[in-house]
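The chain contents come next:
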Amino acid sequence: MKADLIIKNIDNLITLKGPNRPRVKEEMKEINIINNGIVAIKEDKIIYVGEGELPNNIETDESTVFIDGRGKTVTPGLIDPHTHLVHGGSRENELAMKLNGYGYLDILAAGGGIHSTVKATKEASFEELYEKAKKSLDIMLGFGVTTVEAKSGYGLDDFETEIKQMEVAKKLNEDHPVDIVSTFMGAHAIPSTYKENPRGFIDLIIEKMIPYVKEKNLAKYIDVFCEKGVFSVEESREILKAGQKYGLLAKVHADEIEPLGGAELAAEVGCISAEHLVAASDKGIKKMGEEGVVAVLLPATSFNLQTGKFAKARKMIEEGVAVALSTDYNPGSSPTENMQLVMSFASLIMKLTPEEVITAATINAAAALKLEEEIGSIEIGKKADIVIFDAPNLNYIIYHFGINHTDKVVKNGKLVYKKSNKII
Ligand code: NIG
Ligand code: FE
């Protein structure tokens, strides 16, 4: 077999080799480091992973591309499983409010927050949304991210805008090297037009929007903001179950601010993941572990909201919950595309070890999207999505925080990003 691309002499090749399922407890530490590692790629797939030189059955010729991994740490492409990638406008105006002590839910209840992004997203054209999201996607790729989940939810009852967001994500998935998977999140807030009649909005989602999203294949997942003053546990259950009836995989924004019982709900209805979980109860965490719901933790959001409250990641790992990480990139509560910063926060604030962090940002993040068979580890047969970090070891990437350590990114077997330190 002829290889198209070889990465060799890799000082630290971190393969994450292991079962294609969410990794829990001690498994989160078993990241499989190969010194003097080598990876061979044909087309978009990995065909060999090992130490030293290639075996005899793998050939190279003048068209084979070689990348030198000396002094480098190589990992699977990072996966960002929770973002609000496609949206109009930005919300830096909320900074002063936050500094003056207004909470996220206060701003939302006063008609700001998500509602102001709904307005900006409605006003933006398809092209404007596409260009803005593309710019973010380029930044994400630069940070080593090769798969991104993108949620709708800035159209709400304006279904045209919801569809526009998902169409932009679809087009970007076709055009951009990064893979984008879509989530329908019409249930992101109660629109002002339905303030007095939230039931009417829930009916609209269940009866009109979900069937349409499925028919047009606009999303693979469904998500609900289950939160005090937004959607109750009962309403969230109804919406998630309606989505599941149409074959959408359920995810839920759970217990972000108030301990409503979102974690318990996720376990009860069989969500693939529950996200945020800052206020999740011990009982809810236990149930998530029992039912195999992946916890997607978003420390950049906690940081930005300035509450000082972070999800209990250590408790979750003890209870056998598979922990994943994500940026939650959005214009309000987490305006950052930087997955490496999230990894540093996960360790420095939530006390995950570097091994747990890289597991959470690769194979467990893949599992939060039910993509663990295809991506999330460097193993034969998996997609050739690989990051080459200009770092001597994993600890260095996490400890030397706030900067970009990416040297190169290989996506679907192609070299798609190369660091340039040129000063002009
Ligand atoms: O995950 N909490 C709800 N949704 C987003 C924020 C969206 C926004 O504020 O625009 C989140 O944090
Ligand atoms: Fe979110």
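Residues numbered from 1 in each chain as written. Chains lettered and ligands numbered in written order. Predicted model: local features only at pLDDT ≥ 70, side-chain atom pairs only at ≥ 80, totals over all residues. Heavy atoms only, no water.

1. A few points about the sheet that holds strand 13 (residues 273-276)
As summarised here, the arrangement of the eight strands in space is 8-9-10-11-12-13-14-15, forming an open sheet in which the pairing is parallel. Sheet topology places strand 8 (78-80) and strand 15 (323-325) at the edges, where each strand pairs with a single neighbour. Put simply, the sheet's adjacent strands are angled 25° from each other on average, direction ignored. Pairing of strand 8 with strand 9 (residues 145-151), which is carried by three bridges, proceeds in the parallel orientation. Directly across from Leu78, in strand 9, lies its bridge partner Val145. Of the strands in this sheet, strand 9 and strand 10 (179-187) touch helix 5 (residues 159-175), which is tilted by about 170° from strand 10. With respect to the sheet, helix 12 (residues 339-348) is in contact with strand 8, strand 9 and strand 15, its orientation differing from that of strand 8 by roughly 90°. (Pairing = 2+ DSSP bridges. Helix = DSSP H or I, 4+ residues; strand = E, 2+ residues; numbered from the N terminus. Axes fitted to C-alpha atoms, helices over the stretch in contact; angles between N-to-C directions. Contact = heavy atoms within 4.5 Å.)

2. Regarding a nonpolar patch on the surface
Taken together, the side chains of Phe303, Leu348, Ile349 and Phe401 make up a nonpolar region of the molecular surface, amounting to roughly 400 Å² of accessible area. With respect to the helices and strands, Leu348 occurs in helix 12. By relative accessible area, which is 45% here, Leu348 ends up partly exposed. (Patch = residues over 30% accessible without salt bridge, like charges linked within 9 Å, V, L, I, M, F, W, Y side chains within 5 Å. Areas by Shrake-Rupley, 256 points an atom, 1.4 Å probe, with all protein chains shown as cover. Salt bridge = Lys/Arg side-chain N within 4 Å of Asp/Glu carboxyl O. Buried < 20%, exposed > 50% of the residue type's maximum accessible area, 1.4 Å probe, protein only.)

3. With respect to the packing of aromatic side chains
Here the structure, examined in full by the defined rule, presents five aromatic pairs. Ring geometry for Phe303 against Phe345: centres 4.7 Å apart, planes inclined by 35°, an arrangement best described as tilted. Of this pair, Phe303 sits in helix 10 (residues 299-305) while Phe345 is found in helix 12, placing the two residues 42 residues apart along the sequence. Considering the side-chain rings of Tyr396 and Tyr399, the 6.1 Å spacing of their centres and the 55° angle between planes classify their relative orientation as tilted. Of this pair, Tyr396 and Tyr399 both sit in helix 15 (residues 394-399), three residues apart, roughly one helical turn. (Phe/Tyr/Trp six-rings, centres within 6.5 Å; stacked < 30°, edge-to-face > 60°.)

4. Topic: the coordination of the iron ion (ligand 2)
Note on the iron ion (ligand 2): its protein donors are His82 (NE2), His84 (NE2), His253 (NE2) and Asp328 (OD). The metal-donor distances range over 2.0 to 2.6 Å. Sequence positions of the donors to the iron ion (ligand 2) reduce to the motif H-x1-H-x168-H-x74-D. Residue His82 is classed as buried on the basis of its relative accessible area, which comes to 0%. With relative accessibility at 2%, the residue His84 sits in the buried group. (Donors = N, O, S within 2.8 Å, 3.2 Å for Na, K, Ca; no water.)

5. Considerations on the site of ligand 1
Arg91, Tyr104, Tyr154, Glu256 and Ser333 are the nearest of the 15 residues found near ligand 1. One nitrogen or oxygen atom from the side chain of His82 is found 3.4 Å from an oxygen atom belonging to ligand 1. Note that a nitrogen atom of ligand 1 is positioned 2.9 Å from one of the side-chain N or O atoms of His188. When ligand 1 sits alone it has 330 Å² of accessible area, and the protein chains cover 100% of it. Of the pockets mapped on this structure, ligand 1 occupies the largest cavity. (Near = heavy atom within 4 Å. Polar contact = N/O pair within 3.5 Å; in protein donor to acceptor, adjacent residues only side chain to side chain. 1 Å grid on protein atoms, 1.4 Å probe; cavity = no way out; pocket = protein on both sides within 12 Å on 5 of 7 lines; lining within 4 Å. Sits in = over half its atoms within 2 Å of the grid points.)

6. So, the pairing of strand 13
Regular strands place side chains that alternate from one sheet face to the opposite one. Strand direction decides the pairing type here: strand 12 (residues 249-254) and strand 13, joined by four bridges, are parallel. The partner of Ala254 across the bridge, within strand 13, is His276. At this point the chain moves from strand 12, through helix 8 (residues 262-269), to the parallel strand 13, and the crossover so formed is right-handed. (Right-handed = clockwise from strand over helix to strand, strands pointing away.)

7. Re the nonpolar core
Counting residues in hydrophobic clusters, the biggest one holds 103 residues, and the most contacted among them are Phe184, Leu277, Leu297 and Leu325. In terms of residues, this core owes the most to one element, helix 6 (residues 198-215), which gives seven residues. Ranked by size, the runner-up nonpolar core spans 16 residues in total, among them Ile79, Ala322, Ala368 and Leu371. (Core = buried A, V, L, I, M, F, W, Y, C linked by side-chain atoms within 4.5 Å.)

8. Here's the deal with the sheet that holds strand 16 (residues 386-389)
Pairing within the open sheet is mixed, and its six strands lie in the order 3-2-7-16-17-18. The open sheet has two edge strands with one neighbour each: strand 3 (33-34) and strand 18 (414-418). In the sheet, strand 2 (residues 12-14) pairs with strand 7 (residues 73-76) via two bridges, with the strands oriented parallel. In the strand pairing of strand 7, Leu13 is matched with Val74.

9. Focus on the pattern of salt bridges
Considering all chains together, one arrives at 28 salt bridges under this definition. Notably, a salt bridge pairs Glu275 with Lys251, separated by 3.4 Å at the nearest N-O pair. Here Glu275 is found in strand 13, whereas its partner Lys251 is found in strand 12, with 24 residues between them in sequence. The class for Glu275 is buried, based on a relative accessible area of 0%.

10. Quick word on the state of the cysteines
The bond known as a disulfide is covalent and runs between the sulfur atoms of two cysteines. Taken as a whole and judged by the stated rule, the model has zero disulfides. This cysteine, Cys226, is not joined by any disulfide, and Cys271 carries the nearest cysteine sulfur, 9.5 Å off. Given a relative accessible area of 4%, Cys271 falls into the buried group. (Disulfide = S-S within 2.5 Å.)

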